[in-house]
Amino acid sequence: MEAPILISSIPNLFSFFTFFLIIYLVAYLIIFRSWKPKLRPEASSCAISLLHGTPAVFFAVTSLLADPDRDFHSPNTPLQNLVLDYSISYFLMDLTHYLIFYPSDVLFIGHHLATLFVFVTCRYVVYHGAYAILVLLILAEVTSFIQNTWTLANARKSDVEFAAKVYALLSPPFYVLYSLVRGIAGPYFVYRMFTYYLSGAANNVIPRWIWISWVFVVVTAISVSILWISNLWVELYRERSRELERKVR
């Protein structure tokens, strides 16, 4: 049963990966051609992230709503597997990007490898648990559009006035949304996920070592995200304080 499933998914993985590769090359060679060489890879990564994040949220929500038996240990539906293949292909493409342009960025490379481990084991090893993984995907990618727009604006704020304005405008709402998702919604769902798996209700279809690995990866990712957004809040506070001091003077 497993071998045919794996073989039948190869065309999807290849097609999705090719799609993200083409988008990356178009962004790098055409859309961001005039950008500084050191900024073009990051901008191209944002381009494929934009075409993964929001569509992935839509596809994941659709696949979950279409499954009346969704639960933390329910079998993956064909549509849920398709969403997992879509995300696996994206992370493989973005991992390739980091290995080529930023091979010393062990944090992001480690993040992508860990994320791929979660998606691949859910999709190709246990064939169950897509409900939990896709909800986590939704929580991770719901901020994708505003985050990538903010990142692109941040990259050009020093030399493009419009980018500086977009960055200043987006920073507060982005920080608030990111904080709510990663600081409240994410930890709450992981708590529910952990308590359910800890009860042993899924042990017959999801081995303990796999769900423990999932929880560990997600908790680590959320912790890093909280640290990252906390630093951004501190930086924003300092920037606004300096602006206020200048106005007072």
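Residues numbered from 1 in each chain as written. Predicted model: local features only at pLDDT ≥ 70, side-chain atom pairs only at ≥ 80, totals over all residues. Heavy atoms only, no water.

Peer 1: What is the right way to look at the UniProt feature "domain: TLC" (unreviewed entry) in the protein chain in this model?
Peer 2: Mapped onto the present numbering, the UniProt feature "domain: TLC" (unreviewed entry) falls on residues 38-246. Within the segment residues 38-246, helix and strand shares are 83% and 0% respectively, and the terminal C-alpha atoms sit 32 Å apart. (UniProt positions renumbered as here; feature names shortened; annotations may be inferred. Helix = DSSP H or I, 4+ residues; strand = E, 2+ residues; numbered from the N terminus.)

Peer 1: Sorry, what's going on with unusual backbone geometry here?
Peer 2: Glycine aside, residues mostly have negative phi angles, and peptide bonds mostly take the trans form. Even without a glycine there, the phi angle at Tyr-127 is positive, about 60°. Mapped onto the secondary structure, Tyr-127 falls in the loop between helix H4 (106-126) and helix H5 (130-141). For Tyr-127, a relative accessible area of 17% corresponds to the buried category. (Buried < 20%, exposed > 50% of the residue type's maximum accessible area, 1.4 Å probe, protein only.)

Peer 1: Is there a simple way to explain the UniProt feature "transmembrane region" (unreviewed entry) in the protein chain in this structure?
Peer 2: Mapped onto this structure's residue numbering, the UniProt feature "transmembrane region" (unreviewed entry) falls at residues 12-31, 43-66, 106-126, 132-153 and 211-234. Between the C-alpha atoms that bound residues 106-126 the distance is 28 Å, and the span itself is 100% helix and 0% strand. For residues 211-234, the end-to-end C-alpha separation is 35 Å, with 100% helix and 0% strand making up the annotated structure.

Peer 1: Looking at this structure, I do not really get the nonpolar core. What am I missing?
Peer 2: As a rule of thumb, soluble globular proteins bury nonpolar side chains together. Among the nonpolar cores identified, the biggest contains 51 residues, and Phe-72, Leu-134, Phe-189, Met-193, Tyr-197, Ile-206 and Trp-214 are the most heavily contacted of them. For this core, the secondary structure elements donating two or more residues are helix H1 (2-31), helix H2 (40-65), helix H3 (78-101), H4, H5, helix H7 (161-198) and helix H8 (208-248). With ten residues, H5 is the single largest residue contributor to this core. Apart from residues no more than four positions distant in its own chain, Phe-72 is found in contact with Gly-129, Tyr-131, Ala-132, Phe-189, Arg-192, Met-193, Tyr-196, Tyr-197 and Ile-206. Judged by nonpolar contacts, the second largest core, of twelve residues, contains Ile-146, Tyr-167, Leu-170 and Tyr-175. (Core = buried A, V, L, I, M, F, W, Y, C linked by side-chain atoms within 4.5 Å. Contact = heavy atoms within 4.5 Å.)

Peer 1: Can you walk me through the pattern of salt bridges in this structure?
Peer 2: Per the counting criterion, the structure on display carries three salt bridges. A salt bridge links Lys-165 to Glu-161, with the nearest nitrogen and oxygen atoms 3.6 Å apart. Taken together, the residues span about one helical turn, with Lys-165 and Glu-161 both in helix H7 at a distance of four residues. By relative accessible area, which is 59% here, Glu-161 ends up exposed. (Salt bridge = Lys/Arg side-chain N within 4 Å of Asp/Glu carboxyl O.)

Peer 1: What am I meant to see in the packing of aromatic side chains here?
Peer 2: Given two aromatic rings, one states the distance between the centres and the angle between the planes to describe the pair. Overall, the coordinates contain 32 aromatic pairs when judged by the stated rule. For the pair Phe-16 and Tyr-86, a centre-to-centre distance of 5.2 Å together with 90° between the ring planes defines the contact as edge-to-face. Residue Phe-16 is found in helix H1, and its partner Tyr-86 is found in helix H3; the two are separated by 70 residues along the sequence. Comparing Phe-16 with Tyr-86, the two get one shared label, buried. Among the aromatic residues, those joined into a ring-pair cluster are Phe-16, Phe-19, Phe-20, Phe-58, Phe-59, Tyr-86, Tyr-90, Phe-91 and Phe-119. Of note, Arg-40 hangs over the ring of Tyr-28, and the distance from its end group to the ring centre comes to 4.2 Å. Over the ring of Trp-35 we find Arg-156; its NZ or CZ atom is 4.8 Å from the centre of that ring. (Phe/Tyr/Trp six-rings, centres within 6.5 Å; stacked < 30°, edge-to-face > 60°. Lys NZ or Arg CZ within 6 Å of the ring centre and 35° of its normal.)

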